[in-house]
Amino acid sequence: MRVELTVTAKGQVTLRQAVLDHLGVKPGGRVDVELLPDGRVELRQAGVRPDLAGLRGILHRPGRKPVSLQEMQDAIEAVDEQ
């Protein structure tokens, strides 16, 4: 579904009923807006979180080798001993 909206002089946009119905947002409800780096926005009903599969790779740092669970545990224990 594609919906075109108009921006008012105050910079506001009114969401059409079809958009609100799609999000499951009722009057007085809230929405989360995420600004994406490519100039897009993601809009979803407040309180709705993406599934865990969407978090895969979120901590990846290019050029750094992955750390095993054992290495993490050893680091935690080393800090506790200090």
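Anyway, here's the lowdown on the structure attached to this text. Treat the numbers as computed from the prediction; the structure is a model and nothing was measured.

### Things to note about a nonpolar patch on the surface
A cluster of nonpolar side chains, contributed by V31, V33, L35 and V41, occupies part of the molecular surface with about 380 Å² of accessible area. If one sorts the elements of the nonpolar patch by residue count, strand 1 (residues 31-35) sits on top with three residues. In this fold, V41 is placed in strand 2 (residues 41-45). Residue classification places V41 among the exposed residues on the basis of a relative accessible area of 53%.

### A few points about the layout of surface pockets
Of the voids in this model, the largest pocket is the one considered here, and its volume is about 340 Å³. Lining of the largest pocket is provided by 14 residues; of these, V13, L15, V31, V33 and L43 occupy positions nearest its centre. Broken down by secondary-structure element, the contributors of at least two residues to the lining of the largest pocket are strand 1 and strand 2. Examining the composition of the lining of the largest pocket, we find that three residues originate from one element, strand 2, more than from any other. Taken together, the residues of the lining of the largest pocket sort by class into nine nonpolar, two polar and three charged. Estimates place the volume of the second largest pocket at around 260 Å³. Along its surface, the second largest pocket is lined by L59, H60, R61, R64, K65, P66, V67 and M72.

### As for the environment of V7
Note on placement: V7 falls in the segment before helix 1 (17-23). Sequence-distant contacts of V7, defined by excluding residues within four places in its chain, comprise Q12 and V13.

### Description of a negative patch on the surface
A cluster of acidic residues, D74, E77, D80 and E81, forms a negative patch on the protein surface. For D74, a relative accessible area of 39% translates into the label partly exposed.

### Comments concerning the pairing of strand 1
By the bridge criterion, five bridges tie strand 1 to strand 2 in an arrangement that is antiparallel. What sits directly across from D32, in strand 2, is R44. Hairpin connection of strand 1 to strand 2: five residues between the antiparallel strands, including G39 at a positive phi of 90 degrees.

### Quick look at the pattern of salt bridges
In the structure shown here, the tally under the stated rule is four salt bridges. Residues E34 and R44 are paired through a salt bridge, measuring 3.5 Å at the closest nitrogen-oxygen approach. With E34 in strand 1 and R44 in strand 2, this pair connects stretches of sequence that are ten residues apart. A salt bridge links R44 to E42, with the shortest nitrogen-to-oxygen separation between them at 2.2 Å.

Parameters and conventions
Residues numbered from 1 in each chain as written. Predicted model: local features only at pLDDT ≥ 70, side-chain atom pairs only at ≥ 80, totals over all residues. Heavy atoms only, no water. Patch = residues over 30% accessible without salt bridge, like charges linked within 9 Å, V, L, I, M, F, W, Y side chains within 5 Å. Areas by Shrake-Rupley, 256 points an atom, 1.4 Å probe, with all protein chains shown as cover. Salt bridge = Lys/Arg side-chain N within 4 Å of Asp/Glu carboxyl O. Helix = DSSP H or I, 4+ residues; strand = E, 2+ residues; numbered from the N terminus. Buried < 20%, exposed > 50% of the residue type's maximum accessible area, 1.4 Å probe, protein only. 1 Å grid on protein atoms, 1.4 Å probe; cavity = no way out; pocket = protein on both sides within 12 Å on 5 of 7 lines; lining within 4 Å. Points joined across faces, edges and corners; volume = space filled by probe spheres on them. Nonpolar A, V, L, I, M, F, W, Y, C, P; charged D, E, K, R; others polar. Contact = heavy atoms within 4.5 Å. Lys, Arg positive; Asp, Glu negative; His and termini not counted. Charge placed at Lys NZ, Arg CZ, Asp CG, Glu CD. Pairing = 2+ DSSP bridges.

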